[in-house]
Every structure is written in structure tokens, then in C-alpha cells.
Amino acid sequence: MFDKILIANRGEIALRVIRTCREMGIQTVAVHSTADTDAMHARLADASVCIGPPAASDSYLNKVAILAAAEITGADAIHPGYGFLSENADFAEMVVEHGLTFIGPTPEHIRMMGDKVVAKATMRQLGVPVVPGTEGQVDDEVAARAAREIGYPVLIKAVAGGGGRGMIVAQDEDELLEGLQLARREAQAGFGDNRVYLEKYLRRPRHIEIQILADEYGHCIHLGERDCSLQRRHQKLVEEAPSPALDDAGRQAIGERVSRAIGDLGYRGVGTVEFLYEEGEFYFIEMNTRLQVEHPVTEMITGLDLVRAQIEVAAGRPLGMRQQDIRFTGHAIECRINAEDPRTLLPTPGTVQTYHAPGGPGVRVDSALYAGAKVPPYYDSLIAKLIVHDRTREDCLHRLQRALAEYVIAGLPTGIPLLQALAEDADFAKGNYHTGWLTEFLATWHPPAE
Ligand code: MV4
């Protein structure tokens, strides 16, 4: 097992990793920018190294500075958290070349899943259902022919895109030809790669993702799904497990397909296989090769520690459990608390004046906040995750309402009022929502007066 792990991240996820390392008896090294000198992750780690100025490109994305920090402190592995360098195959490669372990999949698997077209073709060959569409990039003529076959509306996607960037819907051939031009221009400007492909456009899908865990000996298990349909501009706001749209048989069917495919790939680590789900059908869209923000909902219903599992398989240990050992218990919901205006999505950085986190049965808070903490303007606006667990979805919602009402974060505006409105919404209570639902909700919602 590793003696010392460097965490190449900040905020709540850096704390999350430090906590598991401490339980495993592994020393931790934090890295921080000059804006994060007093940040909780830098204080909580056994050692901490300043790696550069505030801008992420100079600090948390600075590969050389992070490797130097690992070298100086004698770390033997690097945990990338999520975001930043977590899905950067070049960084993973550099880590390995320096004789360290990257706590994640191999650079080859990261690279494979980073190319959305390769990812989709690979998954299709492995028997995972994908959205009908073109095999790869298309010119105008091939696109027009393919679109007639697929049926309009179609969606134009950038090969190098992902996360919803660079997608254009076309209702007919005129819109298609126009959209292809625009999509190529945007893809070239955004990703330096103008290739685009087509898919059948699903109008009101849910976003359901399957959590997998694999060791390097070809064993792979699934840990059920998370329903992440409550998002806006591709920013998830609420995630839950199990999905209100799935039953046990449906879960088992897709879970087995996915875990067989990922096992066949020889993938090692945790991963998330993302699907659109509409009218009882799953359609693969992407695979994330990192630990995700919403991993705690899976931890709550399985009782597992996914960071511990990541560290163990990265150290070359075989999985300590089989699929039949996994039991799903109760229901979990995660709310992302952002320091941003929920209407404009503009960040609202500042200093936390008063802080009181909820607690009690079935309540978990993952956050690096404290009274007096500064929320710098340079990074993601996620400042806390509130996760609640209870026996049924209905009880879980009541617990969520109770916990949100307890939460005090004074000094800067947060998304808590919006989350309270969602937790009391009748459609949400029924589980009746899809990926367009939150945008529709926000069109009529107004923040309560102070
Ligand atoms: C789609 C789609 C409809 N049809 N693909 C957005 C993020 C990217 N990973 C895939 N996305 C979508 N792909 C087809 N063929 C609708 C979306 C989409 C979406 C997906 C998941 C969660 C939220 C979303 C919000 C808008 C659009």
C-alpha cells in the first residue's frame, strides 16, 4: 500500500480524499495556490505545498509544479480528485513516467474515453446500447444521407466536445447544413478540432449513470445508478439513487451489461458510464474515468467508500467483493450548494461570516467551508454537498427539507433557497422530471425575499 498520497485538488474533494487516507493510515500532501493558503484542505493534510498563483492554469493545472511537489515531499501516488487534471491522459502518463502511481485508470483508457467517438464505438462493440447515429465524423453529404436514415430531429455533436458543449439540434435538412457549418466553426474555436458527428435527438431524456468499480485483473462490478436529470446548462444540481424511473430488474439488466463491458476492456479504477434514458431505453453517451462529484449518493446506498476502493485497486489489489456482495439500502439524495446566483449562474465569491452545517441521522455534509473561510473567485463555485439518506424516497425528501432548513451559510448568497423550493416541489416529489425540467422550473421561480 502507498505510504503517502499527494492530492492534486482543492475544496471538498481534497478533504474527502484526505479523510479516507487518514483512515487507511496513509500520509497526505495537499497542494494549494496562493489564493488557498488558508484553505481547509491545506490545513488538514499532513503537509502542504504552494504550487503557484491563483489562476488554475498556474496552480491546480500546473503539471510540472504538482510533480515537483510530489518529488519534494516523497509522495508515491497522486489522487487527482475530479475536474482539473483528473481526466488528463498526458498528466497520468507523466505521473507514471516519474515512477509514481496515478490513482485512476491507465492513460490509455482515459484517452480512449476522452474521444467521444472512440468511446461510443468501443461501447457499442462491447454490447452496450448507444444512441443511433453516425459511426464517426461526417461531411455534409454523408450527414444529410445519415440524417434521413436516422430521422429528424438530429443532434450535431463535436467529436472533441463533451459535457454538452458544441451541440446543435437540426429539425430538417436546411437546418442540418446550416448547423454543420456553425458546429464545425464552434468546435474548431472551442476544441481546436472541427470534426462533428450526428445522433438521433432525444427530446426529454433522463440522465442516468452507472457507477462501476474494476480491478486490474478484469473483475468489474456495478454499484447501481444515479439519476442526475436535475441540471441546468449541463451543471448538475441534485442527484439521487436509486432513480425513480428504474426498477430492480431494469437496474440489474443495465448494470450487468455495463460491468461486463468494462471488465472486457481491462479497465482499472472507478468509472461512470453515462446514459440518456427515454421510454424505457438506455443510450450510452459518455464514460467518465474519474471519481464524480455525486459519488456520495452511491456510497450512502451501498455503504462503500469509493475513495478507499480507488486507492486499493490503484495499488494493484484485487476487488475485495463480488457483485452478489453488493446490497442497495434505502434512498439517497445529494444537493450541490454553490456560491452563485441561481438565476444568472454568476459566481458570488466572498467570506463566510457564520457557518452551521446540518447533522443528525442520515445526514452527510462534504464541504471545506468554515466560519471565516474565503470563497475565492477563481475556481468552481461548488462550496458544499449535502447528502441525505433514509429508508424510502419520501422519507429522504423530508430529511432533505429538514437538513436544508438547518443549514446556515451567512456572508455570501448560495443556492440553498432554490434547493428548498425543489425539495418541496410536487413534480420532484413524484420523481417526474427529465433533463429539461430544471430549466423550465427556473423560468417561473423567484428567489424568496430576504
Ligand atoms: C443528447 C441529448 C439528446 N439527444 N444526445 C448533453 C451533455 C452530453 N454529455 C450529452 N448531452 C445530451 N446529449 C442526444 N442524442 C441531450 C443531451 C442533453 C443532456 C444530457 C444529459 C443531461 C442534461 C442534458 C441537458 C441538455 C441536453
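These numbers come from a predicted model, not from an experiment.

Moving on, we come to helix H8 (residues 173-191). With 19 residues, H8 should reach 27 Å at 1.5 Å per residue; the first-to-last C-alpha distance of 26 Å fits that figure. Leu176, Gly179, Leu180, Ala183, Arg184 and Ala187 are the residues of H8 that are buried. For H8, the elements touching its buried residues are helix H7 (140-150), strand E6 (154-158), strand E7 (168-170) and strand E8 (196-200). Its side-chain oxygen at 3.2 Å from the backbone nitrogen of Asp174, Asp172 defines the N-terminal cap of H8. Looking one or two residues past H8, Gly192 carries a phi angle of roughly 65°, positive in sign.

Turning our eyes to something else, we now look at the pattern of salt bridges. What the rule picks out here adds up to 35 salt bridges. The partner of Glu87 in a salt bridge is Arg290, with the nearest N and O atoms 2.4 Å apart. On the criterion of sequence distance, the pair formed by Glu87 in the loop between strand E4 (77-79) and helix H4 (89-97) and Arg290 in the loop between strand E13 (281-288) and helix H10 (295-302) is long-range, its members being 203 residues apart. Where Glu216 meets Arg268, a salt bridge forms, and the shortest distance between an N and an O atom there is 3.6 Å. Placement of the pair is Glu216 in the loop between strand E9 (206-214) and strand E10 (220-232) and Arg268 in the loop between helix H9 (248-265) and strand E12 (269-278), with a sequence separation of 52 residues. Under the relative-accessibility criterion, Glu216 is labelled partly exposed at 39%.

Another point: the packing of helix H12 (residues 393-406) against helix H13 (residues 416-423). Packing of H12 against H13 brings their axes to within 10 Å, and their N-to-C directions diverge by 155°. Taken together, the axis directions place H12 and H13 in an arrangement best described as roughly antiparallel. The handedness of the crossing between H12 and H13 comes out as left-handed. Where H12 abuts H13, its residues Leu397, Leu400, Gln401, Leu404 and Ala405 lie against Ile416, Leu419, Gln420 and Ala423. Taken together, the residues that form the contact of H12 with H13 break down as seven nonpolar, two polar and no charged.

With respect to topology, eight strands assemble into an open sheet ordered E13-E12-E9-E10-E11-E14-E19-E17, the strand pairing being antiparallel. What marks the edges here is a single partner per strand, and that holds for E13 and strand E17 (363-367). Taken pair by pair, the neighbouring strands of this sheet meet at an average axis angle of 25°, ignoring direction. Bridge analysis of E17 against strand E19 (residues 382-390) gives five bridges, and the strand direction is antiparallel. Paired with Arg364 across the two strands is Ile387, which belongs to E19.

In this section: the nonpolar core. By size, the foremost hydrophobic cluster in this structure holds 37 residues, and its most contacted members are Val238, Ile337, Leu400, Ile409 and Leu422. Looking at this core, the elements with two or more residues in it are strand E11 (235-241), strand E14 (331-338), E19, H12, H13 and helix H15 (437-444). Not counting the four nearest positions on each side in its chain, Leu400 is found in contact with Ile333, Cys335, Leu386, Val388 and Ala423. If you look at the next biggest cluster of nonpolar residues, it comprises 30 residues, including Val17, Ile18, Tyr82 and Leu382.

Here is what the cut-offs are and how they apply
Residues numbered from 1 in each chain as written. Predicted model: local features only at pLDDT ≥ 70, side-chain atom pairs only at ≥ 80, totals over all residues. Heavy atoms only, no water. Helix = DSSP H or I, 4+ residues; strand = E, 2+ residues; numbered from the N terminus. Expected span 1.5 Å × (residues − 1). Buried < 20%, exposed > 50% of the residue type's maximum accessible area, 1.4 Å probe, protein only. Contact = heavy atoms within 4.5 Å. Polar contact = N/O pair within 3.5 Å; in protein donor to acceptor, adjacent residues only side chain to side chain. Salt bridge = Lys/Arg side-chain N within 4 Å of Asp/Glu carboxyl O. Axes fitted to C-alpha atoms, helices over the stretch in contact; angles between N-to-C directions. Parallel < 35°, antiparallel > 145°, perpendicular 65-115°, else oblique. Left-handed = near helix turned anticlockwise from the far one by under 90°. Nonpolar A, V, L, I, M, F, W, Y, C, P; charged D, E, K, R; others polar. Pairing = 2+ DSSP bridges. Core = buried A, V, L, I, M, F, W, Y, C linked by side-chain atoms within 4.5 Å.

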